[in-house]
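The residues making up each chain are set out below.
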Amino acid sequence: MFIEINDVNKHYNDKENRPVDVLKDINLSVEKGQFVSILGPSGCGKSTLLSIVAGLTKTSSGNIQIDGKAITKPGKDRGMVFQQAALFPWLTVMENVTFPLKKEMKKKDAEETALKYLQMVQLGKYISHYPHELSGGMQQRVAIARALAMNPETLLMDEPFGALDEQTRTRLHGQLENIWTETKKTILFVTHSISESIKLSDRIIVMGTKPGIILQDITVDIPRPREGHKKEMLEIEDHIMKYLKKEIDKVVSEELQYANSH
Amino acid sequence: MQTAIKRIIFFAAIIAFWEIGSRLELWHPLIFPSLSSVFSALVEGFQDKTLIYDLIASFKRLAVGLTISLIIGTLIGILLGKSKTADETLGAVILALQSVPSIVWLPIAIMWFGLNEKAVIFVTILGGTFVMALNMRTGIKNVSPLYIKAAQTMGATGIDLFTRVIFPASIPYVVTGSRLAWAFAWRALMAGELLSTGPGLGYTLRYASDFGRMDIVIGVMIIIGAIGMIVDQFIFQRIEKSVIKKWGLES
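Residues numbered from 1 in each chain as written. Chains lettered and ligands numbered in written order. Predicted model: local features only at pLDDT ≥ 70, side-chain atom pairs only at ≥ 80, totals over all residues.

Per an unreviewed UniProt entry, chain B carries the name Sulfonate/nitrate/taurine ABC transporter permease and comes from Cytobacillus firmus DS1. Within the UniProt record for chain B, the comment given under Subcellular location (unreviewed entry) is "Cell membrane". (UniProt positions renumbered as here; feature names shortened; annotations may be inferred.)

Chain A is annotated in an unreviewed UniProt entry as Carnitine transport ATP-binding protein OpuCA of Cytobacillus firmus DS1. What UniProt records for chain A under Catalytic activity (unreviewed entry) is the sentence "a quaternary ammonium(out) + ATP + H2O = a quaternary ammonium(in) + ADP + phosphate + H(+)". Under the Subunit (unreviewed entry) heading, UniProt states for chain A: "The complex is composed of two ATP-binding proteins (OpuCA), two transmembrane proteins (OpuCB and OpuCD) and a solute-binding protein (OpuCC)."

Here's what the structure looks like:
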């Protein structure tokens, strides 16, 4: 397997020094080139799991291997896209995308590479713009181009379209699908949107909350493009909804309890 | 447009009151000279070049003092921003020193350097250093963790991470720090010059006062105020505005 997540646990101590389990006994294998969504309600630790794979967060126990190598720190073999574009505002679009290439490439080569990926996200005309001159959706596309420019084997996406409006999101779904078909990256895609995960992924990992565990591993074998297969998509959605309903009820009742006790 | 019109009317009223009051001798010219005599004193000062020499001398000291204070302030600020221990120890001292008016340092400076150029520059440096240091520190501490995470996933670590991400991300605070450092240094310089030897705007101010030349006193005060306002409004506030816009900090 390409990505191996073995018995990963993550806990921390809260303000009153009680241990809180964020992730419990997470085991997951991902094949090379697979598009895998990690789906769950807020607080299920799905972003923490992605952050651990990125090397930005340490596990409490367990380990992660990619292509046989253990993950201990961030690396250019894993490109990360966050919910906010996280572009550097003092750099132009071109300079942002060449940021990770500065050390290993000549300026001209770096710019050629960057341009290739900016064209892939249809922003080839915006290379000399600054981030504040772009819309939220355009910024996020630059962030995707920036992650791709390092030519990583794996693309980690943490609710990348969560802050965008519905129309922009739908358009970017199409672009991401094309990019994935074209580049054959392995993608781990964190989302709380059921329909988004069904639309995009080969496999959906459904997570439950408190502690964060894997509830279900669902294979989506609807042929692409999936626009014409509304019925099959709805069936899977109903199926996932049943699982998540319990989890969401759990979160809601806990929040009510918390509200009542304060 | 509204504000501009209000301002013009306001200033016209003050100027009219000033000139008419002087002509009607509502007050003695030694207490407050007329606008026209202040104006002719300024023209005279520029024609015989004394005011030009004063301006050059003051700006030379300011350039040296402010440059040194920005460099030292930036370095101290980076240290305080990056090292928790330095922040907890040296940081407390800097915070205390910040509240000491810099002219208070002049007696020490005179003991160390004598009543000369160096003492005045020393006071000017102290005027700008601490406020620059504290702003630089805040800037480094306020860098969005998201930028740092993003940079780390792109392979940036250590000094590379600092020079390419953390420092540029704190530029808005560098600009604000520089603006305040300039304002503090300018005030410190004028205070220092009042008590030292010439040439210099502050020195001429005291010299004119000693000889009862109130027209020159008011004229030089207008110059000092005008320079302060022009540099602040037309240089620093403009840079600050464009940086805030570009860095996406507009609320």
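Peer 1: Explain the overall build of chain A here, please?
Peer 2: Broken down by element type, chain A carries seven helices and 10 strands. By the compact-globule yardstick of 18 Å for 262 residues, chain A fits well, its C-alpha radius of gyration being 19 Å. Within chain A, residue pairs in contact and separated by at least 24 positions form 69% of the contacts whose partners lie at least 6 positions apart. (Helix = DSSP H or I, 4+ residues; strand = E, 2+ residues; numbered from the N terminus. Rg over C-alpha atoms; globule rule 2.2 N^0.38 Å. Contact = placed C-beta atoms within 7 Å.)

Peer 1: Can you walk me through the UniProt feature "transmembrane region" (unreviewed entry) in chain B in this structure?
Peer 2: Residues and elements named next belong to chain B. Per the UniProt record, "transmembrane region" (unreviewed entry) is annotated on residues 62-80, 92-113, 119-140, 161-185 and 216-236. In residues 62-80, the share of helix is 100% and the share of strand is 0%. The end C-alpha atoms are 26 Å apart. Counted over residues 161-185, helix gives 96% and strand 0%. Its end C-alpha atoms are 32 Å apart.

Peer 1: What should I look at first to understand the environment of A:Leu234 in this one?
Peer 2: All names here are of chain A. By the element assignment, Leu234 lies in helix 7 (residues 230-261). Taking the number of C-beta atoms within 10 Å as the measure of exposure, Leu234 has 12 and is therefore exposed. When the C-alpha atoms of Leu234 and Lys76 are compared, they prove to be 37 Å apart, with 158 residues separating the residues in sequence. (Buried ≥ 20, exposed ≤ 12 C-beta atoms within 10 Å, placed from the backbone.)

Peer 1: Would you mind going over the sheet that holds strand 8 (residues 186-191) of chain A with me for this structure?
Peer 2: Pairing between the strands of a sheet comes from backbone hydrogen bonds, and it takes one of two forms, parallel or antiparallel. All names here are of chain A. In space, the six strands of this open sheet follow the order 6-7-8-3-9-10, with mixed pairing throughout. With partners counted over all chains shown, the strands left at the sheet margins are strand 6 (78-81) and strand 10 (213-219), one partner each. The average angle at which neighbouring strand axes cross in this sheet is 15 degrees, direction not considered. Sheet contacts for helix 7: strand 9 (203-208) and strand 10; angle to strand 9, the most-contacted strand, approximately 15 degrees. (Pairing = 2+ DSSP bridges. Axes fitted to C-alpha atoms, helices over the stretch in contact; angles between N-to-C directions.)

Peer 1: Sorry, what's going on with the sheet that holds strand 2 (residues 19-30) of chain A here?
Peer 2: Residue and element names in this part refer to chain A. Strand order in this open sheet of four strands is 2-1-4-5, and the pairing throughout is antiparallel. Strands at the two margins of the open sheet, each flanked by one partner only, are strand 2 and strand 5 (69-70). Inspection of the sheet shows strand 1 (residues 3-13) paired to strand 4 (residues 61-66) by five bridges, in the antiparallel sense. Residue pairing in the sheet places Asn9 in a bridge with Ser61 of strand 4.

Peer 1: Got a minute to help me understand the domain arrangement of chain A in this structure?
Peer 2: Residues and elements named next belong to chain A. If you check the domain split of chain A, you get domain 1 (3-77 + 156-260) and domain 2 (93-151). A C-alpha centroid distance of 26 Å is found between domain 1 and domain 2. Of the residues assigned to the side of domain 1 that touches domain 2, the class counts are six nonpolar, three polar and one charged. (Domains from an automatic or database assignment. Nonpolar A, V, L, I, M, F, W, Y, C, P; charged D, E, K, R; others polar.)

Peer 1: Quick question: what am I supposed to make of the pairing of strand 4 of chain A here?
Peer 2: Residues and elements named next belong to chain A. Where strand 4 and strand 5 come together, two bridges link them in antiparallel fashion. Looking at the pairing, Ile66 lines up with Lys69 of strand 5. The antiparallel pairing of strand 4 with strand 5 creates a hairpin that spans two residues between the two strands, and Asp67 there sits at a positive phi of about 55 degrees.

Peer 1: What exactly am I supposed to notice about helix 3 (residues 107-120) of chain A here?
Peer 2: Count 3.6 residues to each turn of an α-helix, and residues three or four apart come out pointing the same way. All names here are of chain A. Between its first and last C-alpha, helix 3 extends 20 Å over 14 residues, near the 20 Å set by a 1.5 Å rise per residue. Packed against the buried residues of helix 3 are helix 2 (93-98) and helix 4 (136-149). A positive backbone phi angle near 60 degrees is found at Gln122, which sits one or two residues after helix 3. (Expected span 1.5 Å × (residues − 1).)

Peer 1: How should the interface of chain B and chain A be read in this particular structure?
Peer 2: Interface extent is often summarised as the accessible area lost during association of the parts. Taken together, the contact between chain B and chain A spans 15 residues of the former and 20 residues of the latter. Among the elements that take part in the side of chain B that touches chain A, helix 7 (residues 145-153) of chain B stands out by supplying six residues, more than any other. Of the residues contributing to the side of chain B that touches chain A, the split by class is eight nonpolar, four polar and three charged.

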